[in-house]
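# Working through the structure, step by step
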Amino acid sequence: MVMKKRFVVEEHETIDQCLERIKSEGYRPIRRMERPIFREVKKNGETVIEPCGRIIEFEAVLNE
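Residues numbered from 1 in each chain as written. Predicted model: local features only at pLDDT ≥ 70, side-chain atom pairs only at ≥ 80, totals over all residues. Heavy atoms only, no water.

## Digging into the environment of glutamate 13
Mapped onto the secondary structure, glutamate 13 falls in the loop between β1 (4-8) and α1 (15-24). When neighbours within four sequence positions are excluded, glutamate 13 is seen to be in contact with Val8, Cys18 and Arg21. A polar contact of 3.0 Å, which involves the side chain of glutamate 13, links it to the side chain of arginine 21. (Helix = DSSP H or I, 4+ residues; strand = E, 2+ residues; numbered from the N terminus. Contact = heavy atoms within 4.5 Å. Polar contact = N/O pair within 3.5 Å; in protein donor to acceptor, adjacent residues only side chain to side chain.)

Quick look at the structure:
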């Protein structure tokens, strides 16, 4: 059975630092995923949804 784990790039962490953390825990990344973050903003009396960031996540498998 393949052991999988997801790693999220933390707020004040670079992608390289996250990849190093994955490696130090004995995993290797197999997939990168990005999800947008949205927020509601009031403009001229209307509520507008606009992007304000993203979440970067890596799926990794245990090195054997």
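## Points about the state of the cysteines
A full pass over the atoms with the stated rule returns zero disulfides. Here cysteine 18 stays free of any disulfide, with the sulfur of cysteine 52 as its closest cysteine sulfur at 20 Å. For cysteine 18, a relative accessible area of 0% corresponds to the buried category. Residue classification places cysteine 52 among the partly exposed positions, given a relative accessible area of 41%. (Disulfide = S-S within 2.5 Å. Buried < 20%, exposed > 50% of the residue type's maximum accessible area, 1.4 Å probe, protein only.)

## What about the sheet that holds strand β2 (residues 27-43)?
The strand order β1-β3-β2 describes an open sheet built from three strands, whose pairing is antiparallel. Of all strands in the sheet, those bounded by a partner on one side alone are β1 and β2. Averaged over all pairs of adjacent strands, the angle between strand axes in this sheet comes to 25 degrees, irrespective of strand direction. Judged from the five bridges that link them, β1 and strand β3 (residues 46-62) form a sheet pairing that is antiparallel. Within β3, the position partnered with phenylalanine 7 by the bridge is phenylalanine 58. (Pairing = 2+ DSSP bridges. Axes fitted to C-alpha atoms, helices over the stretch in contact; angles between N-to-C directions.)

## Notes on the pairing of β3
Each regular strand displays side chains that alternate between the two surfaces of the sheet. In terms of strand pairing, β2 meets β3 through 16 bridges, oriented antiparallel. The residue bridging proline 36 from the neighbouring strand is arginine 54, located in β3. Hairpin connection between β2 and β3: a loop of two residues separates the two successive antiparallel strands, and asparagine 44 in this loop has a positive phi of roughly 55 degrees.

## Digging into the environment of isoleucine 22
Here isoleucine 22 is to be found in helix α1. A sequence separation of 28 residues divides isoleucine 22 from glutamate 50, and the C-alpha atoms of the two residues are 32 Å apart. Excluding residues within four positions of it along the chain, isoleucine 22 makes contact with Phe7, Tyr27, Arg28, Pro29, Phe58 and Ala60.

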